[in-house]
Amino acid sequence: MDSRSINLRGIAGSAGNIMQGIGGFVFGNENATSNEDSYVERYLDRISNGARSDDRRAAMTELQSLVAESRQAQMAFGAIGFPVLLHVLREDREDVELIRGTLETLVSALTPIETSHGAKNEVQPAPMNSDLLSRESENISLLLSLLSEDDFYVRYYTLQLLTALITNSPKRLQEAILSIPRGITVLMDMLMDREVIRNEALLLLTYLTREAEDIQKIVVFEGAFEKIFSIIKEEGGSDGGVVVQDCLELLKNLIRNNTSNQILLRETIGYDPLVSILKLRRGSAYNFTQQKTVNLLYALETVELLLISGVATEPGKDNNRQANQTAFVQKKILDHLLLLGVESPWAPVAVRCMALRCIGDLVERNPNNLNSLASKQVGEGPQVEPALNAIFRIVLRASLVQEFLAADYVFKCFCEKNLEGQALLASTVTTILPLTPVESAMESANLPFGSLLLQALVSFESNGDSEKTCCRAASVLSHILKDNLHCKEKLLKIEIDSLAPSFGPAREPLLHQIVKYLVLISSKINKESNQSQTLPKENSVYLLPLLLQLLVTWLADCPTAVACLLGAPAHLTYLLELVSHQNIGVHAQGLTAVILGECVIYNRSSENRKDQFAIADAISQKIGLTSYFMRLDELAKSFRSLPTTSSLHSKPLKRTNTASMIEEPQDEIESQDKDSRGESENDNPVILKIFDEGFAGFVRKLEMGIREGVMDIFSHTRSKVAVLPAELEQKNGEADGDYVKRLREFVEKQCNEMQDLLARNATLAEEMVNIGGSHTLPDSSNKANSGRERVQSESLRQDLLEATRRIESLKAQNSKLEAEADNFKSLALKVESDLKSLSDAYNSLEQVNVQLEAEVKSLKNPDLERIKEEAREEAQKESEGELSDLLVCLGQEQSKVERLSARLAELGEDIDNLLEGIGDDAALQDGDEDNDE
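Draft legend 1. Focus on helix α7 (residues 125-134). All of the buried residues in α7 are P125, A126, N129, S130, L133 and S134. Around the axis of α7, the buried residues are gathered within 155° of arc, so they sit on the same side. Looking at the buried side of α7, the elements it contacts are α4 (71-80), α5 (82-91), α6 (96-109), α8 (137-145), α9 (152-168) and α10 (170-179).

Put into structure tokens, the structure is as follows:
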């Protein structure tokens, strides 16, 4: 027992103060842990120093039960227990039952114990124990070595222990396993073990591969893709259990933002196994169990990860995304996605939404895939209709706002940088048919897309459903018009029946109709707010921004649209009033201010009451430049508080949030949501989706142009042509000299007045713009500056800007030259280093050559006589030495013979007779040997 004995007294003594301090701090009573400490120490002593194996096993069982039930025991075990149990794992491998108990005890020590009365800031012993166990990489290596044991439970508890470690200390365990040779390989081998072992290994690998690129590469190199899809197939694909979910989560970890792994998957296994998970039979209603829904969501999210752009700095990410898009379409995934997202109304809403988002990602900026979607038909028999029409119906009639956003995302991706697709959709928008209820229009599958769009836009009534339908259709129309001047001008020619024909023409442009919808919705919101003295409900928060987003997109870089909007004088008056409405929200106010700014910078009218000078004057008089620019700043501030595009996609699916996603209510979400009283506008899901990074950047550029345009207008005169007044004509009888003198005085006076006027306008515009940016009032001393100084300052400022631009250009050229010089310098240093190395090698060769030449020269002219003499002398010395040795030996033998002869004489032997024939025998023997040879 000496080999496994451990002195617990020293450990317990050193840990006593630790336990008293920690236990007192955590549990509030120093005596509360005394019993647990003593029990844990007693059991560990029996395990370490017990004489009988049965007693040691029993002590291990009791220790495991105590640690599994008591947090105090976990804390005490963490202080003194690990050395003992690790010693057992090293030295008692032959006792399988004891090894099982040891591993089970370690698992219990690392498993948190939930208590209802614990304090929130209470220290948890399980994470602390995990930290203690994972500090030494030798401990992890020891645990991995246990996976090669034959006993099933030893491997099972070892995997559970490693999973507990990775849960509490992921970074440390990842680093430890990477430092162990073949550590990942051992874990990958567990995937081929029995089912229970395989499932535990799968869960462990899922934790290990999170945000660990090195581990991901090794796992993929060990054949993870083949093993994952093999397990999924064995478990039954989407109809399988939680094991399929774990496999797909591991797959997501391996391909998330990892271009190399995505390429390897595409070029080796391919996407057939993944697409097969999404295959459904038509009419398979009510066959969506909770686990199948989760499996489908995981598979769809995996597809989404392969279709969205990767890390921004990763080279070739866009080419990889396009390759993935092409590969998926070749595998007919578009048909399966349409079946899930469009043709399966009985499917869970989360699955439908995810499938629609995947359709959008599949076609975005991919001409071939865009054409495929545009030509797709959905439905069966007489109910067949174009896929885009069916998706547009989802936009209009979806009861859940998430489904509307997912369908709207398809049109956003379809129209992104797709001028032909936008023109295709816009070409179907023609003169409106006789008005019919929206429901009857949706029943007819033969209506073209444009007719459905117009029906939704003009069927506006004073109820929530028609308002929602109109605004959702406006969102789709904004995608069609984005960055497409041809579509904008085409739709400006569309005329529809007026809402109030008695007050104007019977037919009016579609753009005018949109403005009237703004009036109706804003009036309703203002009425609701005045009645309840609170903010409007959430379903009213996003209606105005949707319509305003359409107007902002339509007017951008389109003077014809601006002229059409200002064709009705009441529109400008309404927009000026809408900016000052406090009940419509920050986004609506800011977008209205942007529309007014577009009416200034994109205005090409020459009429006095409609030109850009008139619009700028109206903004200054009705709103005030200070308030106007504050609206733009508030909008920009709200954009900065919105999440980025990378977080706009659905939250990554994990076991913790899967249940909440698939259990969404199927009722109208707007009617269920509470009023947005006291809540931020940015919390609205539609606002979060509409104002993405692309639209926010577009509005920021517009804002900069609006500020510069307004400042430029207030810095110049309205007309470039000067009309000479009548008093400048020469009077009758006036001398030419007096006339010239009077003209000079008049011109000087007018020049002074003009300079003062220009200076005041420039000062006003600049101060108002600065006020918009800083929200502070201008200093009175700035107003006191003279007009001439302001104009001179403006001129100097322009010169300074020009000089600054030139300096920046020179700096850029200088930086380029410095970079080239550095490159040449580094190249010269490299060449110099190479030359030095060659020179050293040449010198070394020269020295060797000189040495060899000397040796050759010495060999060519030897002193032969001297060498012979030396050799002769050396041979003579060796011969003399050998001769002297031989003489000594002969003398010794002679003395022996003489003594022997004397002895034989004493014995009376005849020496001569004895010696007779001895020499002959020797000679005869030599002769025989010669003959044998």
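Draft legend 2. Local environment of the packing of aromatic side chains. Tallied over the full model, the rule gives 14 aromatic pairs. Ring centres of Y156 and Y157 lie 5.7 Å apart, and the angle between their planes is 55°; this geometry places the pair in the tilted category. Neither Y156 nor Y157 differs from the other in exposure class; each is buried. Aromatic rings pair up to connect F152, Y153, Y156 and Y157 into one cluster. A cation sits over an aromatic face here: R194 above F152, 4.2 Å from the ring centre. Directly above the ring of Y298 sits K252, whose terminal nitrogen or CZ lies 4.2 Å from the centroid.

Draft legend 3. Looking closely at the pattern of salt bridges. Scanning the model with the defined rule gives 32 salt bridges in all. Linking R707 and E703 is a salt bridge whose minimum nitrogen-to-oxygen distance equals 3.0 Å. With a gap of 4 residues between them, R707 and E703 both fall in helix α41 (residues 693-713), about one helical turn apart. For the residue pair R707 and E703, the accessibility class agrees, reading buried in each case. One continuous salt-bridge network, built from bridges that share partners, spans D54, R57, D95 and E97.

Draft legend 4. Examining helix α32 (residues 543-555) more closely. Taking 1.5 Å as the rise per residue, α32 with 13 residues should run 18 Å; its terminal C-alpha atoms sit 19 Å apart, in good agreement. In terms of burial, α32 is largely enclosed, as 13 of its 13 residues are buried. Where α32 terminates, the next one or two residues include D557, which has phi positive at roughly 55°.

Draft legend 5. Quick look at the nonpolar core. Ranked by internal contacts, the top residues of the largest apolar core, which has 230 residues, are F77, L187, F328, F392 and W554. Looking at this core element by element, the count peaks at 11 residues for helix α21 (residues 349-363). Among residues more than four places away in sequence, those in contact with F77 are V40, L44, L63, V67, F82, L85, T105, L106 and A109.

Cut-offs applied
Residues numbered from 1 in each chain as written. Predicted model: local features only at pLDDT ≥ 70, side-chain atom pairs only at ≥ 80, totals over all residues. Heavy atoms only, no water. Buried < 20%, exposed > 50% of the residue type's maximum accessible area, 1.4 Å probe, protein only. Helix = DSSP H or I, 4+ residues; strand = E, 2+ residues; numbered from the N terminus. Arc of directions from axis to C-beta. Contact = heavy atoms within 4.5 Å. Phe/Tyr/Trp six-rings, centres within 6.5 Å; stacked < 30°, edge-to-face > 60°. Lys NZ or Arg CZ within 6 Å of the ring centre and 35° of its normal. Salt bridge = Lys/Arg side-chain N within 4 Å of Asp/Glu carboxyl O. Expected span 1.5 Å × (residues − 1). Core = buried A, V, L, I, M, F, W, Y, C linked by side-chain atoms within 4.5 Å.

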